[in-house]
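# Notes for the structure review
What follows is each chain in one-letter form.
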Amino acid sequence: MTATPVAAKPRAIASGAQQKLLAFASLIALLVFFSLASPNFLQTANILAILQATSVNGVLAIAATLVIITGGIDLSVGTLMTFTAVIAGVVLTFWGLPMPLGVIAAIAAGTACGFISGSLVARMKIPPFIATLGMMLILKGLSLVISGTKPIYFNDTPSFPLISTGSLIGSIFPAVPVPNGVLILFLLALAISWMLNRTTLGRYCFALGSNEEAVRLSGVNADGWKVAIYALAGGICGIAGLLIASRLNSAQPALGQGYELDAIAAVVIGGTSLAGGRGSILGTIIGALIMGVLLNGLRIMSVAQEWQTVVTGAIIIFAVYADMLRRRRAG
Amino acid sequence: MTEVIRMSAIEKHFPGVHALRNAQFDLKAGEVHALMGENGAGKSTLMKILAGIYSADSGSVQVNGSEVRINGPRAAQDLGIGIIHQELALMPDLTVAQNIFIGREPRNRWGVLDEAQLNRDAEAIFAAMKVPLDPTAEVRRLTIAKQQMVEIAKALSFRSRILIMDEPTAALNETETEELFAIIRRLKSEGVAIVYISHKMNEIRRISDRVTIMRDGAYVGTVTAEDTPIETIISMMVGRELEQTSIAIPDLGDAPVALEVRGLSAGRMVRDVSFTLRRGEILGFAGLMGAGRTEVARVIFGADPREGGEILVHGSARTIRNPRDAVGAGIGYLSEDRKQFGLALGIDVRGNIALTSLDRFSDRFLRVNEAGLAKVATSYIASLAIRTPSDQQEVRLLSGGNQQKVVIAKWLLRDCDILIFDEPTRGIDVGAKAEIYRLLQSLAEAGKAIIVISSELPEVLRLSHRIAVMCEGRLTGILPGGPATSQHEIMRLATRRDHAAEGASA
Ligand SMILES: Nc1ncnc2c1ncn2[C@@H]1O[C@H](COP(=O)(O)OP(=O)(O)OP(=O)(O)O)[C@@H](O)[C@H]1O
Ligand SMILES: [Mg+2]
């Protein structure tokens with residue numbers, strides 16, 4: 001037999017690092033472009049606005065990254081986020097319980113739903129696309145049913161909006177009033193990134209996406225770990241639910257559908273492979289920032305909303321194509 | 001020697017297949033026990049039962065004298081049973097060390113993965129195996145041979161006392177096979193019991209102590225390797241005597257040239273390769289691993305870009321940019337890696353055979369003539385002796401060797417003038433090998449031009465009318481086929497590095 005050319009060629013830079021570099025370079029390019037195009041772009045207030053707007057999509061994208069690395073897909077992240085927001089509304093507004101209980105309830109509900117999706121995929125062998133599509137619709141319906149199709153306001157819990165809009169950092173360093181939502185996104189990113197690289201759960205996440213059969217043949221409880229990853233992703237959607245509810249000071253039951261696609265787009269732009277087995281949280285965060293910067297910049301340049309959508313779509317296709325080209329050239 | 005394994009009266013059914021009928025097997029500490037049989041005889045299935053991957057319908061398994069139930073890979077590992085699968089079961093995106101210890105990662109006292117320890121542990125295993133491999137290398141970047149070493153290291157890391165190797169040398173060249181044998185001997189001297197599955201007859205004699213032969217899922221017998229002639233083993237496998245056919249080399253002096261390659265170049269692996277291939281001729285390609293034989297085939301077939309040189313088909317220059325152009329020019333290529341390039345595993349046998357010829361079996365409304373396809377598929381299943389319950393069985397459920405036969409059927413049906421076979425008999429049993437040799441010869445007699453790439457010198461010598469030898473991307477010589485040429489002469493050309501050295505310094 002003969003050596004496959006791929007195996008023979010050593011690479012200077014690991015492909016994962018290259019991928020992130022590419023995404024990072026695009027982010028810088030966008031920043032430079034928009035700051036030249038509009039003087040308002042680089043204002044502190046605007047940068048904070050971008051970060052704030054990115055926080056929800058960023059958190060959802062982290063959840064989506066986990067599932068995508070296992071070789072699956074989660075279409076329910078958007079409506080699950082809404083569902084958990086509604087649960088928080090029920091606990092805090094309908095039942096009038098203290099805020100920590102609302103927070104716990106939202107995250108627990110997210111974890112439980114993720115557990116269900118994961119069980120459908122891992123134990124009942126329903127393809128992830130179908131299982132999470134079903135969950136997406138079920139959760140959308142349940143949110144409307146539970147809330148009585150009306151928004152639930154958090155007027156009885158005055159500190160609730162602070163979860164997202166308050167600024168812990170700003171209270172210590174008034175010069176940099178980074179909103180808590182952004183702080184939460186970055187802390188979460190660090191935690192999950194650490195989890196992926198340093199814990200067994202993370203290791204199995206990559207292993208499952210790389211060759212599930214091999215994991216099973218190694219005697220690992222592949223199904224159990226997969227369920228755990230979906231459950232964790234669900235819990236993270238609960239955090240996103242809290243962020244968006246606190247930013248709007250209400251749980252909007254009709255919201256949510258469409259967020260999953262933005263999240264998946266951020267993941268893909270960040271260089272995580274939809275085929276599973278490879279990906280990174282850093283890439284996803286850069287991907288989410290690229291989308292945030294793009295939308296904000298286009299708005300500042302007063303590009304019409306309709307065209308913003310068109311550009312976003314084009315950017316996603318371009319980002320993935322550029323990544324494929326690079327990969328093909330690399331070998 | 002103490003008996004470590006005794007399997008008896010094992011029965012196993014798959015939908016439509018009676019895979020094991022009253023099968024039996026026993027294994028002693030410190031022996032290498034070869035398990036032989038034709039493709040689909042049930043060798044892998046029997047061993048998967050021992051490794052806890054399948055469960056038997058009935059029968060008994062004893063490990064170290066006590067009756068056990070092995071209900072999963074974990075249970076097998078705990079009993080000290082390790083298996084190296086026929087199709088490598090690695091996670092390409094993970095590193096070598098991460099693959100070896102998947103499921104048993106060392107953790108520090110906070111429960112956090114201890115990557116340094118992981119790499120040290122892997123290092124220790126490789127040191128014991130005397131194999132230099134970087135534990136932090138990503139598995140997808142390793143050659144198949146190295147990946148095989150990772151599988152072995154993984155099996156050893158369980159401190160396995162029983163090691164099952166399912167066709168470990170199918171993708172290894174001779175040097176790598178030697179390395180593997182050295183490891184096997186070392187393990188054997190440490191008292192490890194080894195089950196060795198292979199279709200390569202010469203290996204069996206060299207490495208094994210006893211041989212158990214299976215046929216059609218049933219036990220045929222166990223013999224000692226030392227004093228049983230190969231012919232006896234073969235006839236036990238196939239249930240009849242095989243006659244050795246030697247090749248008659250036809251005089252093709254004035255047969256028209258079907259394929260001419262002039263100064264073909266592509267990267268480091270194909271440098272200035274020129275040869276001609278006549279109608280009715282079988283041209284063997286010999287060389288060591290990495291000699292560039294597959295690369296030449298892929299460039300001719302348009303699967304890799306050509307950087308220089310010309311390809312003439314039936315005397316006229318053709319631009320071949322992709323495999324479609326090649327098939328259009330009447331060139332067929334049977335790739336060495338059937339899993340990756342040759343088969344649609346989820347589709348049935350019929351669909352795979354038809355894959356390259358669907359246009360011939362559909363009308364102008366693109367309706368497929370299923371009845372016609374079924375007839376053709378069934379006839380190939382019969383003529384190549386493909387073991388499958390029907391032409392509608394998914395290909396992934398066939399045994400390894402039978403999958404290979406499906407790929408061959410696919411290209412035979414396409415009816416190309418020029419056929420390139422890359423390692424056509426890898427993983428194929430002796431009976432079917434003879435069948436495939438006969439087939440290639442009759443194709444040549446029918447006027448087809450054939451290239452056979454093979455790493456097995458006896459095969460090249462037995463099949464080829466002429467033998468092209470490559471070394472490091474260059475064609476170092478073309479020898480006549482048949483008894484006039486010795487293995488020694490081929491090896492001399494296959495290691496002639498002088499040109500290559502020149503090229504490297506330039
Ligand atoms: N999961 C499965 N489902 C259905 N049939 C199967 C399955 N696994 C194996 N078989 C069938 O069982 C029979 C024995 O297969 P097995 O893989 O044990 O053969 P083998 O002796 O290892 O052959 P080879 O030398 O080609 O690897 C074959 O007919 C095969 O098609
Ligand atoms: Mg087998």
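Our structure is the block above this text.
Here goes a summary of the coordinates provided.

Turning next to the coordination of the magnesium ion (ligand 2). Tetrahedral metal sites with four donors have an ideal angle of 109.5 degrees; octahedral sites with six donors have ideal angles of 90 or 180 degrees. For the magnesium ion (ligand 2), every protein donor is listed as Ser44(B) (OG) and Gln86(B) (OE1), and the spread of their distances is 2.0 to 2.2 Å. On the criterion of sequence distance, the pair formed by Ser44(B) in helix α1 (residues 43-50) and Gln86(B) in the loop between β6 (81-84) and α3 (96-100) is long-range, its members being 42 residues apart.

The subject of this paragraph is the site of ligand 1. Residue and element names in this part refer to chain B. Around ligand 1, the structure places 20 residues, and the nearest of them are Gly40, Lys43, Ser44, Thr45 and Ser399. Asn39 is positioned such that a nitrogen or oxygen atom in its side chain is 3.0 Å from an oxygen atom of ligand 1. Within the side chain of Lys43, an N or O atom sits 2.8 Å from an oxygen atom of ligand 1. Compared with its free state, where it exposes 640 Å², ligand 1 has 91% of that area covered by protein. Of all the secondary structure elements, the ones that give two or more residues to the shell around ligand 1 are β2 (17-28), α1 and α14 (400-414). Tallying contributions element by element places α1 first for the shell around ligand 1, with three residues. Taken together, the residues of the shell around ligand 1 sort by class into seven nonpolar, ten polar and three charged.

With that settled, consider the pairing of strand β1 (residues 3-14) of chain B. Residue and element names in this part refer to chain B. Examined bridge by bridge, β1 and β2 share eight bridges and lie antiparallel to one another. The residue bridging Ile10 from the neighbouring strand is Ala23, located in β2. Counted along the chain from β1 to the antiparallel partner β2, the turn is two residues long, and its residue Gly16 has a positive phi close to 80 degrees. Relative to strand β4 (residues 58-63), β1 runs antiparallel, the two being bridged by five bridges. Among the inter-strand pairings, Met7 is bridged to a residue of β4, identified as Val61.

Attention now goes to empty space enclosed by the protein. As enumerated under the stated definition, the model contains five cavities of 30 Å³ or more in all. Lining the largest cavity are 16 residues, with Leu217(A), Gln77(B), Ile83(B), His85(B) and Phe158(B) sitting closest to its centre. Put simply, the parts of the chain that give the lining of the largest cavity at least two residues each are α2 (73-78), β6 and α5 (144-157) of chain B. Partitioning the lining of the largest cavity into residue classes produces ten nonpolar, four polar and two charged. One number sums up the size of the second largest cavity: a volume of about 70 Å³. Residue composition of the lining of the second largest cavity, grouped by class: two nonpolar, five polar and four charged.

Analysis parameters
- Residues numbered from 1 in each chain as written.
- Chains lettered and ligands numbered in written order.
- Predicted model: local features only at pLDDT ≥ 70, side-chain atom pairs only at ≥ 80, totals over all residues.
- Heavy atoms only, no water.
- Donors = N, O, S within 2.8 Å, 3.2 Å for Na, K, Ca; no water.
- Helix = DSSP H or I, 4+ residues; strand = E, 2+ residues; numbered from the N terminus.
- Near = heavy atom within 4 Å.
- Polar contact = N/O pair within 3.5 Å; in protein donor to acceptor, adjacent residues only side chain to side chain.
- Areas by Shrake-Rupley, 256 points an atom, 1.4 Å probe, with all protein chains shown as cover.
- Nonpolar A, V, L, I, M, F, W, Y, C, P; charged D, E, K, R; others polar.
- Pairing = 2+ DSSP bridges.
- 1 Å grid on protein atoms, 1.4 Å probe; cavity = no way out; pocket = protein on both sides within 12 Å on 5 of 7 lines; lining within 4 Å.
- Points joined across faces, edges and corners; volume = space filled by probe spheres on them.

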